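Analysis of the macromolecular model
The residues making up each chain are set out below.
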Amino acid sequence: GILLHPTSLPGPGPCGDLGPAARSFVDWLEAAGQTLWQVLPLVPPGAGLSPYDSPAGSALGTHLVSVDDLVADGLLTPADLAGRPAGGPRVDRDALEGWHRPRVDRAARRLAADDPASIDEFAETHPWVEEYALLCTLTEATGARRGWRDLPAALRDRDPRALADARRRHRDGLRRHLAAQYLVHRQWQALRRHAHARGVSIIGDLPIFVSATGADTWAHRGLFLWGSGDPPCPDPVAGVPPDYFSPTGQRWGNPMYDWDAHRAQGFAWWTRRFRAILGLVDAVRVDHFRGFVAAWAIPADAPDARSGQWVPGPGRELFDAVARSVRTDPPPGVDPDAPLPIIAEDLGIITPDVEALRDGLSLPGMKILQFAFGGGADHPFLPHNWTHDRWVAYTGTHDNDTVRGWYDGTTESVRHHFRCYVARDGREPHWQLIRLLQSSTARWAITPLQDVLGLGSDARMNVPGSAEGNWSWRATELPEAAAWRLRDMVELYGRRPAPLRPAADPDDTPAI
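Conventions used here
Residues numbered from 1 in each chain as written. Predicted model: local features only at pLDDT ≥ 70, side-chain atom pairs only at ≥ 80, totals over all residues. Heavy atoms only, no water. Helix = DSSP H or I, 4+ residues; strand = E, 2+ residues; numbered from the N terminus. Rg over C-alpha atoms; globule rule 2.2 N^0.38 Å. Buried < 20%, exposed > 50% of the residue type's maximum accessible area, 1.4 Å probe, protein only. Contact = heavy atoms within 4.5 Å. Areas by Shrake-Rupley, 256 points an atom, 1.4 Å probe, with all protein chains shown as cover. Lys, Arg positive; Asp, Glu negative; His and termini not counted. Charge placed at Lys NZ, Arg CZ, Asp CG, Glu CD. Pairing = 2+ DSSP bridges. Axes fitted to C-alpha atoms, helices over the stretch in contact; angles between N-to-C directions. Expected span 1.5 Å × (residues − 1). Parallel < 35°, antiparallel > 145°, perpendicular 65-115°, else oblique. Left-handed = near helix turned anticlockwise from the far one by under 90°. Nonpolar A, V, L, I, M, F, W, Y, C, P; charged D, E, K, R; others polar. Polar contact = N/O pair within 3.5 Å; in protein donor to acceptor, adjacent residues only side chain to side chain. pLDDT = per-residue confidence, 0-100. Core = buried A, V, L, I, M, F, W, Y, C linked by side-chain atoms within 4.5 Å.

If you tally the helices and strands in the chain, you get 18 helices and 12 strands. Its C-alpha atoms give the chain a radius of gyration of 23 Å, near enough to 24 Å, the size a compact globule of 512 residues would have. Principal axes of the C-alpha set define a box for the chain whose edges measure 70 × 55 × 45 Å. Expressed as a percentage of its 512 residues, the buried residues of the chain come to 56%. A fraction of 73% describes how many contacts in the chain between residues 6 or more apart in sequence connect residues 24 or more apart. Accessible area for the chain stands at about 20300 Å²; split by element, carbon and sulfur atoms hold 51% of it. For the chain, the separation between the mean place of its 54 positive charges and that of its 64 negative charges on side chains is 1 Å.

This part takes up the environment of R175. Of note, R175 is situated in helix 8 (residues 171-197). Residues R175 and E30 lie 145 residues apart in sequence; the distance between their C-alpha atoms is 38 Å. Discounting chain neighbours no more than four positions away, the residues touching R175 are A112, P116, I119 and D120.

Let us look at the sheet that holds strand 5 (residues 250-255). One open sheet holds the four strands; their spatial order is 5-4-7-8, and the pairing between them is antiparallel. Each edge of the open sheet is held by one strand with a lone partner, namely strand 5 and strand 8 (309-312). This sheet shows a mean twist of 50° between the axes of neighbouring strands, independent of strand direction. The pairing of strand 7 (residues 294-298) with strand 8 spans four bridges and is classified as antiparallel.

Moving on: helix 12 (residues 316-328). Taking 1.5 Å of rise per residue, the 13 residues of helix 12 would be expected to cover 18 Å, and the 18 Å separating its terminal C-alpha atoms lies within 8% of that figure. Every buried residue belonging to helix 12 is among L318, F319, A321, V322, A323, S325 and V326, and all of these are buried. Check the buried side of helix 12 and you find it contacts helix 10 (259-264), helix 11 (268-278), strand 9 (342-344) and helix 13 (352-360).

Look at helix 1 (residues 20-31) against helix 8: their axes get within 9 Å of each other, and the N-to-C directions meet at 20°. Put simply, helix 1 runs roughly parallel to helix 8. As for the relative orientation of helix 1 and helix 8, their crossing is right-handed in sense. Mapping the contact onto sequence places A22, R23, V26 and D27 in helix 1 and L191, H194 and A195 in helix 8. Split by residue class, the contact of helix 1 with helix 8 holds four nonpolar, one polar and two charged.

Quick look at the environment of D346 now. As for its placement among the helices and strands, D346 is situated in the loop between strand 9 and helix 13. Distance in space between the C-alpha atoms of D346 and M366 is 6.2 Å, their sequence separation being 20 residues. D346 has contacts with R358, G365, M366 and W391, leaving out every residue within four places of it along the chain. In terms of polar contacts, D346 uses its side chain to reach the side chain of R358, at 2.7 Å.

This part is about the confidence of the model for the chain. Looking at the chain, pLDDT values average 94 and 97% of them are 70 or higher. Note that pLDDT drops below 50 for residues 502-511; the model gives that stretch 19 contacts with residues more than four away or on any other chain.

Overall, parallel pairing links the eight strands, which are arranged 9-6-3-2-1-12-11-10 in an open sheet. The open sheet has two edge strands, strand 9 and strand 10 (365-368), and neither has a second partner. Bridge count for strand 1 (residues 2-3) against strand 2 (residues 36-38) is two bridges, and the pairing is parallel. Bridged to L3 within strand 2 is Q38.

It is worth spelling out the nonpolar core at this point. Among the nonpolar cores identified, the biggest contains 152 residues, and W28, W37 and W270 are the most heavily contacted of them. A per-element tally of this core places helix 8 first, with 10 residues. With residues near it in sequence (within four places) discarded, W37 still touches I2, L4, P6, A22, F25, V26, L29, L191, V200, S201, I202 and I203. Judged by nonpolar contacts, the second largest core, of five residues, contains W296, I298, A302 and A305.

Okay, unusual backbone geometry next. Here D230 and P231 are connected by a cis peptide whose omega angle stands at 0°. Relative to the assigned elements, P231 resides in the loop between helix 9 (215-219) and strand 4 (237-240). Backbone geometry at L49 places phi at a positive 65°, although glycine is not the residue there. If you trace the backbone, L49 turns up in the loop between strand 2 and helix 2 (67-72).

Below, the structure written as C-alpha cells:
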C-alpha cells in the first residue's frame, strides 16, 4: 500500500481533496498493484494544519471537500469556481480560508435549503455532529479564538437554557455546518466506494488525544483532567519523554483523560469514537497505542516534556468494551467475529506491558526500516529479526524524513550498514529500501508516496517537535513509470492479496 494524506494529492485549488484527483490516485494505486491506501486523520485540522490536534474527534475536515464534485452535484456553478488558485507543491492555507471555505459554505447553505430531510437524517445517525456544528457556529458568531473556552460563561459551561437559545438564534449557521459535514461525509463514502471497486482498502488513523478547545472537551468536560483556572486549562498535558525525535521530549499540550470517569461510563465515548471511524475506513491505525497502557503526563507549567511522568491507562478493558459493542452491533462491513481491525502504533518507548496488550488483542504492530540501520545485527527493526508476520512495515511514516532525505543526511556508518544489508550501492536508496520492505515477511508493506517518487527532505510531511512548515506537502504528479515499477516489485514478492473488504458489490458501503 501507499501512505498519502488526501491534502497531499495533486490538482488545482489550495489543497488536495476528495474529488477527481483522489479517484485518479485510486486508479494509480490499482495500476501499481496496491491494495491499501493509508491516510492520516481525516478530522478538521488544528493549529498549523495538524490532524493530530483536531477540534473534533469524529468530524471530517471540510477542507477536503471537492468543489468540482459540488459543481457536478448542482450545488455550485462553474462560475462559482472563478479565481480558483492553481495547485502547487504546498497547501495554501490562506486560500483554503479565503477561497475554498466560502464556496463550501455556499454549497452547504443551498443543500440545507433544498434538502433539509437529508440533513436531519444525517444528524440523527451521527450523534456527535450536532455538538461540533454548534461549537463551530458559536465560535464563528462570537469570534472566540480559543474555542469553547472563549465563549460567554453560560455557553462555555453548557447551561441548557443558553444552549437552547443559541440553537434558535443561530439556526441558519448551525444548519450550514451540519450540511457541510453531510457533504464531506458523502464525498468520502463515494470515494471509498470507488476504492473498493478498484480492490483498494483504506486504512485510517485515530489520534489518541483531542484538542483542549474542541467539541469533545466542551461536550464531555468531565472525561478530561483540568486545572483550577477559569476558564479551565488542561493540567497535566500530554506528550512524550525525550526520544529519537527530540532530546527534550515533546509537549503536545492535549488534555489527559480521566480514566476513572471513562470507566464509570463503560468507555461509551471511546466506543462511539471507534464506531464512527470504523464506519469510514476498513482498518485503523491507533496513534500512540502505548498511551492506553501508560501516557506521559507533563505539568501544565513545565517548559518542556522532561519533567513528566508515566500515568497508567485503562489497558485492555477499553478495547474489550469496544469489541463488545462491535460484536453486538457491528458497523457496516466489520466482521464481528474477527479481531478489531486495528493497527497498534507501537513506536517510541515500548515496554513489555505494551507488547502484552498488543499481542493479547492480536493486533499488528509497526516496523520502520529507517530505524533499523547503524546498530547491531540484533536490531528489532531489521527484517531478519521479525519472528512472525504480524507486522505492518514501512520505509518511514509521516513523522520520518523521506528515504532520500534520510540517506543523504545520516552518517556514513549508517549508510555503509544500509548498503551492506541490501547489497546495493546506495544510488537509489528509496527503491532499495522499498525492495527490502516488499521482500520482508511483514503482513502489510506500506510506503509513503514521497519514497516511491524518490523525493528529498523538502517533501517531508512532519518534523516532530516543530510547529512550523508541517502538514503542507503536495505531490505534483503520479508518474506511470513509478506505478509499473512498484507493480513489478509487488508481483515479484507475491504482495497482491485480496483487499480487506470484497469489491464484488460496489454499493456495499452506505452513502453516509
